[in-house]
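Summary of structural features
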Amino acid sequence: MKDHRKRLADWLEAKCPAAGEKKKSERSSKTFEGAPATGAQQKAKHCKSAGTRSGVGSGSSAARQCAMSPTPSSTSQRSGSVKRKSENPGEVTLDSGTAHPRLIVSADGRSVRWGPQAQDLPDTPQRFTTHPCVLGREGLSSGRHYWEVEVGGSPGWTLGVCDESVPRKGKITASPAGGFWTVRLLWDGKYWALTSPATPLTPRAPPRVLGLFLDYEAGRLSVYDAQDRVLLFTFPGAPFPRTLRPYFRTVSTEGGLRILLGAGGV
């Protein structure tokens, strides 16, 4: 956990916009801003002067103020700060009460995998019974949040956020219109952002750890290859209708999905 918190602290520092910095030109590579040495040095200097040496793990408010501002599309990068909404940091964990009966959620609520058979669980209104899904325990209704999920070599998964009121039984329309903002890896090895129609994604290499950055007030969810620090997709900014929940879907019996890091108020 310590290594992942350090990575988030470094990520925030690299994304902190330097005062008076000119707007950067669009990059086709869609990498994190500040990745080039010059930009990173300027931003690191600015963040350090703001007192961010202590990092996110120690609860530094200055580090959180230096959080990135995702762009409104996946094809451009822009400089600019977003005013921070005061909020207590919160970990992202899984709500086993929403998990499909075939999904096995770990005792600490940080990992989930597809089991060999359905468990004998109560069929409550909160539980998914048609699709192999589980939601995060925490409701997200304000502020900015970042979490990382290890997908490893899992051959199929879906990650993102959803409206907490989405149907748990029967058919699901996995698109923003249906209350889902998610990305997916299919069994054929193809990656998609589940917009309407779906948007194909072309990562440089199969990502093993995904970073998800939610800016609730801006109405944006950005998804990154967290290890390579590359933006994969940003859902266009639009007001979220209600409280959101982190969303996880898998049918992998080997490894499944594991939450490495989750922080609110970044």
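Now for a look at the structure at hand. The written sequence of each chain sets the order in which its residues are numbered from 1. In view of the model being predicted, local features appear only for residues whose pLDDT reaches at least 70, and side-chain atom pairs are presented and counted only at 80 or more, with totals across whole chains, interfaces and linings using the full set of residues. Neither water nor hydrogens contribute to the side-chain values; these are computed over all heavy atoms in the structure.

One face of the sheet, then the other: side chains in a regular strand alternate in exactly this way. Counting buried positions over the five residues of strand S12 (residues 230-234) gives five, a clear majority of the element. The pairing criterion is simple: DSSP has to find at least two bridges between the two strands. The helix count covers DSSP runs of H or I at least four residues long, the strand count covers runs of E at least two residues long, and both are numbered beginning at the N terminus. The pairing of strand S11 (residues 220-225) with S12 spans four bridges and is classified as antiparallel. Across the sheet, Tyr224 pairs through a bridge with Leu231, a residue of S12. Here S11 folds back onto S12, and the loop between the two strands holds four residues, one of which, Arg229, carries a positive phi near 60°. For the exposure calls, accessible area comes from a 1.4 Å probe over protein chains only, and a residue counts as buried if that area is under 20% of its type's maximum, exposed if over 50%, partly exposed in between.

Moving on, we get to the environment of Leu186. Residue position: Leu186 is located in the loop between strand S7 (180-185) and strand S8 (191-193). Any two residues whose heavy atoms approach within 4.5 Å at even a single point are treated as in contact. Discounting residues that sit within four places of it in the chain, Leu186 has contacts with Pro155 and Trp192.

A few words now on the pattern of salt bridges. Basic side-chain nitrogens of Lys or Arg form a salt bridge, by our definition, when they fall within 4 Å of a carboxyl oxygen of Asp or Glu. Counted according to the given criterion, the structure contains seven salt bridges. With a shortest N-O distance of 2.9 Å, Asp163 and Arg242 are connected by a salt bridge. Taken together, the residues Asp163 in strand S6 (residues 157-163) and Arg242 in the loop between S12 and strand S13 (244-250) connect sequence positions 79 residues apart. Since its relative accessible area comes to 2%, Asp163 is described here as buried. The class of Arg242 is partly exposed, set by a relative accessible area of 46%. In this structure, a network of salt bridges that share partners links the residues Asp95, Arg137, Glu164 and Arg245.

On to the sheet that holds strand S4 (residues 133-136). If you walk across this open sheet you meet the seven strands as S1-S4-S13-S6-S7-S8-S9, and the pairing is antiparallel. Sheet topology places strand S1 (94-95) and strand S9 (199-201) at the edges, where each strand pairs with a single neighbour. Alignment of S6 against S7, held across six bridges, turns out to be antiparallel. Counterpart to Leu159 in the pairing with S7 is Val183.

What follows deals with unusual backbone geometry. Of note, the bond from Ser196 into Pro197 is cis; its omega dihedral lies within 30 degrees of zero at 0°. By secondary structure assignment, the location of Pro197 is in the loop between S8 and S9.

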